[in-house]
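Spelled out, the chains give:
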Amino acid sequence: MSGRDPLSGPVVAVYPGTFDPLTNGHIDIIERGSRLFESVIVAILENPDKNPLLTIAERKALIERAASRLPNVRVESFAGLLADYARSRRARVIVRGLRAVSDFEYEFQMALMNRRLNPEMETVFMMPNVAYSYLSSRLVKEVVSLGGSVRGLVPPAVERVIVRRARERGLSLGPAGGRPMSVAAPGAEGSAVGAPGGAERARPASRKRPAPRKGVGKKRGSR
Ligand code: PNS
């Protein structure tokens, strides 16, 4: 660590994530960050190996819309190491949301690895409103793919897009989607919203959630 106080002077913070899709929990963290730091960059990870529900452009547009009343928030995407991206933006803070103790181990490892890669940078954890402490993009996708409602958990614009995308992908949307409920056949996970390979981050074994039901959701979670 250099002698510079990482939190003195105007602070640019990066709030990185997959945001596939944006949830109200993410928005809560963006708002908290925008109150604390002079500037917040919401940084969407570009990962061409994954099969996300929404494109980067869609995610960017949805986040920009949700944060439109926060003048010190902007949205970008990045590829490669977060530590390098943050350095390129002269960001001294990485913001991460911490929902529960189960998030801690992975976040702790990531924060220390990022510090090693970029010692000028501090990771700051923020707790979202308790109403969102169980909320994740992975669960939102799973609920939508099974025809459940995610109203109040994501912005209305996000809800519209993900329901439409689920329809386009031929997922069962239940009565609300006008289709009979049917779960994808075993092994047909690639066609499911949130199927393995989506833009999700790997968790360490100790943090893995129970395997989802057949053809539904991911074996890995995301914010
Ligand atoms: O929304 P997520 O999945 O929790 O976000 C995870 C993310 C994007 C913050 C993380 O996967 C990341 O920073 N990826 C960039 C690659 C990198 O820097 N890896 C080393 C992290 S220690």
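Quick caveat: nothing in here was measured; it's all calculated off a predicted structure.

Focus on the overall build of the chain
Thought 1: Along its length, the chain carries 6 helices and 5 strands.
Thought 2: In the chain, the succession of α and β elements from N to C terminus is β-α-β-α-β-α-β-α-β-α-α.
Thought 3: Restricting to contacts in the chain with at least 6 residues of sequence separation, those with at least 24 account for 73%.

Section: the sheet that holds strand β5 (residues 122–126)
Thought 1: Pairing within the open sheet is parallel, and its 5 strands lie in the order β3-β2-β1-β4-β5. Edge positions in the open sheet fall to β3 (73–78) and β5, since each of these has one partner strand only. Ignoring which end each strand starts from, the neighbouring axes of this sheet average 30° apart.
Thought 2: Pairing of strand β1 (residues 12–17) with strand β2 (residues 39–45), which is carried by 6 bridges, proceeds in the parallel orientation. When the sheet's bridge partners are listed, Y15 is paired in β2 with V42.
Thought 3: Packing of helix α2 (residues 56–66) onto the sheet brings it into contact with β2 and β3, and relative to β2 it is tilted by some 155°.
Thought 4: Lying over the sheet, helix α4 (residues 101–117) contacts β4 (93–97) and β5, oriented at roughly 160° with respect to β5.

A few points about unusual backbone geometry
Thought 1: Cis geometry is found at the peptide bond from D20 to P21, where omega equals 5°.
Thought 2: Within the secondary structure, P21 sits in the loop between β1 and α1 (24–36).
Thought 3: One non-glycine residue with positive phi stands out, namely R90, at about 55°.
Thought 4: Secondary-structure assignment places R90 in the loop between α3 (82–88) and β4.

Rules behind the numbers
- Position numbers for residues start from 1 in each chain and track the written sequence from start to end.
- Given that this is a predicted model, residues contribute local features only at a pLDDT of at least 70 and side-chain atom pairs are listed and counted only at 80 or more, while totals for whole chains, interfaces and linings are drawn from all residues.
- Derived side-chain values reflect all non-hydrogen atoms in the structure, with water molecules and hydrogen atoms excluded from consideration.
- A run of DSSP states H or I qualifies as a helix once it reaches four residues; a run of E qualifies as a strand once it reaches two. Both are numbered from the N-terminal end.
- Pairs of residues are marked as contacts when any of their non-hydrogen atoms sit within 4.5 Å.
- Pairing between strands is defined by DSSP: at least two bridges between them are needed.
- Axis lines are fitted through C-alpha atoms, for helices just across the contact stretch, and the angle between N-to-C directions can take any value from 0 to 180 degrees.

From the geometry alone we can't say anything about function, so treat these as descriptive.
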